[in-house]
Amino acid sequence: ITAMRCGLSNVATIQLDDSQSEWRYTGPSFSEGHHQTCHGRGRSDLITITKYVNTGVAHIVKTLIDTPDPAGGNMIDNTVFLQTTDQDGVSHTTGGCPNLMATNMAGFPKGRVGGGGSNRDLMMDIAEGLGVSGQIAASNADIEKNANIA
């Protein structure tokens, strides 16, 4: 957030680990890595894990809300924050996953809670909210067909 605020970067990415993550929690008492914990435990443990991870997400979003932006307003007024996953609970998928988007930018709906759509649709919604238009790949076949287009 500091790098974005002072103009060193317009993009920030945080990734806990790759899809086979062995990242271990320091809060909840799970001995397995993240990947095995998500696949090998019951729903109540998944809820505990999600709450734990989302404490960090809540901190970032609150900081964006509270931090003045040199361009005017606060950082959330000029930022799109996205938290996404490829897990709907216990399986990997591109649809039905819990995602969170926080922004106060024009072009995005306010106060809406939703879910259950595909990650591809979510990315298209963000592109449209940022004013990007034109042909957007609708499938993996479209991506492969257009791979050589600069």
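Residues numbered from 1 in each chain as written. Predicted model: local features only at pLDDT ≥ 70, side-chain atom pairs only at ≥ 80, totals over all residues. Heavy atoms only, no water.

## Some points on the nonpolar core
The tendency in soluble globular proteins is for nonpolar side chains to be buried side by side. Defined as follows: Buried residues of nine kinds, namely Ala, Val, Leu, Ile, Met, Phe, Trp, Tyr and Cys, make up a nonpolar core once their side-chain atoms join them within 4.5 Å. Note on exposure labels: buried denotes an accessible area under 20% of the residue type's maximum, exposed denotes more than 50%, and partly exposed covers the range between, all computed with a 1.4 Å probe on protein chains only. By definition, any uninterrupted DSSP run of H or I lasting at least four residues is a helix, any uninterrupted run of E lasting at least two residues is a strand, and each is numbered from the N terminus. The contact rule is simple, with two residues in contact once any of their heavy atoms fall within 4.5 Å.
Met4, Val57, Val61, Leu64, Met75, Ile76, Phe81 and Ala102 together form the largest nonpolar core, which totals 8 residues. Here this core takes 3 residues from helix H3 (residues 43-66), the largest share from any one element. Isoleucine 76 has contacts with Leu64, Ile65, Ala102, Thr103, Asn104 and Met105, leaving out every residue within four places of it along the chain.

## What to know about the confidence of the model for the protein
Quick note on the threshold: Confidence scores labelled pLDDT are given residue by residue by the predictor and lie between 0 and 100.
Across the protein, pLDDT averages 75, with 71% of residues at or above 70. By mean pLDDT, helix H5 (residues 140-145) is the weakest element of the protein at 53, and strand E1 (residues 81-83) is the strongest at 85.

## Section: H3
Our working definition: Helix span, as expected, comes to 1.5 Å for every residue beyond the first. What the bend at a residue measures is the angle between two axes, fitted to the seven residues ending there and to the seven starting there.
For H3, spanning 24 residues, the distance from its first C-alpha to its last is 34 Å, which sits close to the expected 34 Å at 1.5 Å a residue. At asparagine 54, H3 is bent by approximately 30 degrees, the largest bend along its length. When we look at burial in H3, the residues that qualify are Asp45, Leu46, Ile49, Val57, Val61 and Leu64. Against helix H2 (34-40), E1 and strand E2 (100-102) lie the buried residues of H3.

## Some thoughts on the side chain of threonine 67
The line we're drawing: Whenever two N or O atoms come within 3.5 Å, that pair is a polar contact, provided that in protein one can donate a hydrogen and the other can accept it, and provided that, for residues adjacent in sequence, both atoms are side-chain atoms.
The residue threonine 67 is located in the loop between H3 and E1 in this model. For threonine 67, a relative accessible area of 15% gives the class buried. A distance of 2.5 Å separates the side chain of threonine 67 from the backbone oxygen of threonine 63, its partner in a polar contact. For threonine 67, the residues in contact, after removing those within four places along its chain, are Ile1, Arg5, Asn74 and Met75.

## Quick notes on the environment of methionine 105
Assignment of secondary structure puts methionine 105 in the loop between E2 and helix H4 (119-129). For methionine 105, a relative accessible area of 19% translates into the label buried. Expressed as a C-alpha distance, the spacing of methionine 105 and threonine 79, which sit 26 residues apart in the sequence, is 6.9 Å.

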